[in-house]
Amino acid sequence: MTSRSNSFSNFSESSYDYYDKEQSTVPTSDRDEPLNPAHRNNSFNGLLGFTFGSKKMRKKKPFCQEKAIVGLALFVIAFVGMNWWMLSRIQNSGRASQVEFRFLEDNSSTLSIREELLRLGLGKGRKPQKTIYARLLAKAAHSLAEGQKKSEPKDLWAEPYFVASSWKPCAEQRQWLPSEGKNGYIIVTANGGINQQRVAVCNIVAIARLLDATLVLPRFLYSSVWKDVSQFGDIYQEEHFIDYLKPDIRVVRELPQELQSLDLEAIGSLVTDADVVKEAKPGFYKKYILPILHKNRVVHFLGFGNRLASDPLPPQVQRLRCRCNFHALKFVPKIEETGALLIRRMRQNVTRLGPLDRHLVGPFSKSMLKGERNRGEKVARYLALHLRFEIDMVAHSLCEYGGGEEERNELEAYREIHFPALVELKKTTKLPSPAALKAEGLCPLMPEETVLMLAALGFNRQTRIYLAGAHIYGGKSRLASLTTLYPNLVTKESLLSSSEIEPFMNFSSQLAALDFIVCTAADVFAMTDSGSQFSSLVSGFRVYFGGGKMATIRPNKRRLADIFVKNNTIDWRTFEQRVRKAVRQTKRVFSRPVGRSVYRYPRCKECMCNT
């Protein structure tokens, strides 16, 4: 490990413990000289001059040759016009909030530039807003326009390693008798969003088995950030959860009548996150929690975020965690049904069944096979993208994103409300600069960086992209480069009618469940922050049920930062090569490292079998 990496270790572990550690080595490659814009323009002018030369020269040429030259000139003019249109959309990102999420025709380059600009409301006198990575975005636009008819890289939509298919799910195997739950009752009220709550539920199931306790159906704590009143039964099937776990632990809907009137805080049975160390080992619970159960017969865990260590844990208890995550937690029918509808529409109603469909949407997967598939019908593929660029992530990162003083003030005001501990830390501790955090891969990818990565990897302009999440920091204007270079980008809000999405409105966790389904079923899933719980759970599901066929793009942000910093000098071909190499190296197949989450890395003997 380099000395630079060591200087950030303490900061990363304390304030950024949800980030995943990424490799520090940077691939070396030759630096070619950048293309000369002036030379390109001169070449174009020369072509026009040659084509529309003197009458004397034209008369000497055969008619067919003159016709071919004129045709070539018209093609070049159309090609440059398309480039100009794409770049004008990016440069006017300040007005791009009027761009709708919708599917455009594949031949969108034939749209009248004037009509498109008028539709966007870009009148005279509008100064283009300075765009981050403008030079590289221009090259990306040029490459996408040039490559519309080219085939994509061979392994772009597939896992590159055959060995991935040798791992099979086997968390359902049980080698113990059911727990009687005789030591008392455990209540958990999990905090955070749906992904944090899901991890908490699986962890508390493991704790109940460790302590031979009966688990009361989990509850979810209302959050001022997520503002969702959804409870466990609004998201997951309660009966399936109880019945499936019967061979493991005893689960009841509520406390016995004689315990319901107890003041749990007064008798010392209320346990908060402040009372339990992070990544607590089994010995902690047996030493401090079990005596409370014996005394009061009930313990209430309030919060329970990240309170059970990944290791060491008895193998069968570790397997129980996997069993809970991948098998016991199934979404309620209304979420499954709408999730199936979204997948079908992303596949453009092509009748096929994906490897994970029945695990995600249950009986509603049959709806994807309605109708007869035409012999010549193309397989409709789509890319799911989790753009982790909400204001909470942006503010907590302490990075900068090109918004200047206005952005800094806005994010600092948000920190004072939602991250007061971080604000105090800044006052008492010298923290790394935004540039240093960027170099260490501790900043989430910006939308501009994400679209550059996708273009460099070889996804063509017609790629259908499902964008997960909501409330991107900066709004739709921040997505201008992404929606311009990849116009076939949609969200659940644009795929569903108002009546179809209405039952989920104001329930952020249920909306997130829909994103989870569509992202997990996607042909390719791309994340922009490897430390995100959502991305971790989705990628884990794809590994567990995917049979080694579900490609996942998990960028190494440290390496990408080293590439992006050369924005003003690097040529597009070298940029492509370096990005592809950096992403390819993260697709290696390996067993779960010690101390890492089984929800994200299920390739281990407790969760999967290596055949």
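Residues numbered from 1 in each chain as written. Predicted model: local features only at pLDDT ≥ 70, side-chain atom pairs only at ≥ 80, totals over all residues. Heavy atoms only, no water.

(A) Local environment of the packing of helix H14 (residues 333-346) against helix H25 (residues 508-521). Look at H14 against H25: their axes get within 9 Å of each other, and the N-to-C directions meet at 45°. Judged by the angle between their axes, H14 and H25 are oblique. Crossing angle aside, the handedness with which H14 passes H25 is right-handed. Listed contacts from H25 to Lys-334, Ile-335, Glu-336, Thr-338, Gly-339, Leu-342, Ile-343 and Met-346 of H14 are Gln-510, Ala-513, Leu-514, Ile-517, Val-518 and Ala-521. For the contact of H14 with H25, a count of residues per class yields 9 nonpolar, 3 polar and 2 charged. (Axes fitted to C-alpha atoms, helices over the stretch in contact; angles between N-to-C directions. Helix = DSSP H or I, 4+ residues; strand = E, 2+ residues; numbered from the N terminus. Parallel < 35°, antiparallel > 145°, perpendicular 65-115°, else oblique. Left-handed = near helix turned anticlockwise from the far one by under 90°. Contact = heavy atoms within 4.5 Å. Nonpolar A, V, L, I, M, F, W, Y, C, P; charged D, E, K, R; others polar.)

(B) Layout of the state of the cysteines. In total, this model carries 3 disulfides according to the counting rule given. Two residues, Cys-322 and Cys-607, share a disulfide whose sulfurs are 1.6 Å apart. Of this pair, Cys-322 sits in helix H13 (residues 315-328) while Cys-607 sits in the loop between helix H28 (572-584) and strand S13 (608-610), and the two are 285 residues apart along the sequence. Here Cys-322 and Cys-607 have matching classes, each one buried. If one numbers only the bonded cysteines of the protein chain, in the order they occur, the disulfide pattern is 1-6, 2-5, 3-4. Among the cysteines around Cys-202, which has no disulfide bond, Cys-324 carries the closest sulfur, lying 3.5 Å off. Relative accessible area serves as the criterion here: at 1%, Cys-202 is assigned to the buried category. (Disulfide = S-S within 2.5 Å. Buried < 20%, exposed > 50% of the residue type's maximum accessible area, 1.4 Å probe, protein only.)

(C) Fine view of the packing of aromatic side chains. Evaluation of the coordinates by the stated rule reveals 24 aromatic pairs. Centre to centre, the rings of Trp-157 and Phe-459 are 5.3 Å apart; their planes meet at 85°, and the pair counts as edge-to-face. Taken as a pair, Trp-157 in the loop between helix H7 (134-146) and strand S1 (167-169) and Phe-459 in the loop between helix H20 (447-457) and strand S9 (465-468) lie far apart in primary sequence, 302 residues in all. Taken as a pair, Trp-157 and Phe-459 share a single burial class, namely buried. Summarising the aromatic geometry, the rings of Phe-331 and Phe-516 are spaced 5.9 Å apart at their centres and angled 70° between planes, so their arrangement reads as edge-to-face. Of this pair, Phe-331 sits in the loop between H13 and H14 while Phe-516 sits in helix H25, placing them 185 residues apart in sequence. For the pair Phe-331 and Phe-516, a shared accessibility class is recorded, and that class is buried. Through pairs of rings, three or more aromatic residues link up here, namely Phe-220, Phe-232, Tyr-236, Phe-241, Phe-326, Phe-331, Phe-516, Phe-534, Phe-541, Tyr-544 and Phe-545. Arg-174 extends its terminal NZ or CZ atom over the ring of Tyr-244, reaching a point 4.9 Å from the ring centre. Over the aromatic face of Trp-176 sits the side chain of Arg-209, whose NZ or CZ is 3.7 Å from the ring centroid. (Phe/Tyr/Trp six-rings, centres within 6.5 Å; stacked < 30°, edge-to-face > 60°. Lys NZ or Arg CZ within 6 Å of the ring centre and 35° of its normal.)

(D) The arrangement of the pattern of salt bridges in detail. Tallying each qualifying case throughout the model produces 28 salt bridges. We note a salt bridge from Arg-253 to Glu-239, for which the minimum N-O separation is 2.3 Å. Pair noted here: Arg-253 is in the loop between strand S5 (251-252) and helix H11 (257-260) and Glu-239 is in helix H10 (residues 238-244), with a separation of 14 residues, a long-range link. Owing to a relative accessible area of 44%, Glu-239 belongs among the partly exposed residues under this scheme. (Salt bridge = Lys/Arg side-chain N within 4 Å of Asp/Glu carboxyl O.)

(E) Region of interest: unusual backbone geometry. Geometrically, the link from Asp-311 to Pro-312 is a cis peptide bond, its omega value of -10° lying close to zero. Mapped onto the elements of the fold, Pro-312 is located in the loop between strand S7 (298-303) and H13. Even without glycine at this site, Glu-279 takes up a positive phi of about 55°. Summarising the element assignment, Glu-279 is placed in the loop between strand S6 (270-272) and helix H12 (282-296). With relative accessibility at 34%, the residue Glu-279 sits in the partly exposed group. The backbone of Arg-297 shows a phi angle near 70°, a positive value even though the residue is not glycine.

(F) The arrangement of the environment of Ile-194 in detail. Topologically, Ile-194 is positioned in helix H8 (residues 194-210). For Ile-194, a relative accessible area of 8% corresponds to the buried category. Considering only alpha carbons, one finds Ile-194 and Phe-220, 26 residues apart in sequence, at a separation of 9.0 Å.

(G) Here's a closer look at the nonpolar core. Ranked by internal contacts, the top residues of the largest apolar core, which has 97 residues, are Ile-186, Phe-241, Tyr-285, Phe-301 and Tyr-466. At 11 residues, the largest contribution of residues to this core is made by H8. Discounting chain neighbours no more than four positions away, the residues touching Phe-241 are Val-201, Val-205, Leu-215, Leu-217, Pro-218, Phe-232, Val-251, Cys-324, Ala-328 and Leu-329. (Core = buried A, V, L, I, M, F, W, Y, C linked by side-chain atoms within 4.5 Å.)

(H) H7, seen in detail. Taking 1.5 Å per residue as the helical rise, H7 with its 13 residues ought to reach 18 Å, and the 18 Å between its terminal C-alpha atoms agrees with that figure. Turning to H7, its buried residues number three or more, namely Leu-136, Leu-137, Lys-139, Ala-140, Ala-141, Ser-143, Leu-144 and Ala-145. (Expected span 1.5 Å × (residues − 1).)

(I) Expanded view of the pairing of strand S2 (residues 185-190). In terms of burial, S2 is largely enclosed, as 6 of its 6 residues are buried. Alternating residues of S2 divide into Tyr-185, Ile-187 and Thr-189 and Ile-186, Val-188 and Ala-190, and every residue in both groups is buried. In terms of strand pairing, S2 meets S7 through 6 bridges, oriented parallel. The partner of Ile-186 across the bridge, within S7, is Val-299. Across 2 bridges, S2 lies against strand S4 (residues 219-220) in parallel orientation. Paired with Thr-189 across the bridge in S4 is Arg-219. (Pairing = 2+ DSSP bridges.)

(J) Layout of empty space enclosed by the protein. Considering all chains together, one arrives at 7 cavities of 30 Å³ or more under this definition. The calculated volume of the largest cavity comes to roughly 360 Å³. As for the largest cavity, its lining consists of 19 residues, and the residues nearest its centre are Val-543, Thr-552, Thr-586, Arg-588 and Arg-603. If one sorts the elements of the lining of the largest cavity by residue count, helix H26 (residues 533-545) sits on top with 3 residues. Taken together, the residues of the lining of the largest cavity break down into 7 nonpolar, 4 polar and 8 charged. (1 Å grid on protein atoms, 1.4 Å probe; cavity = no way out; pocket = protein on both sides within 12 Å on 5 of 7 lines; lining within 4 Å. Points joined across faces, edges and corners; volume = space filled by probe spheres on them.)

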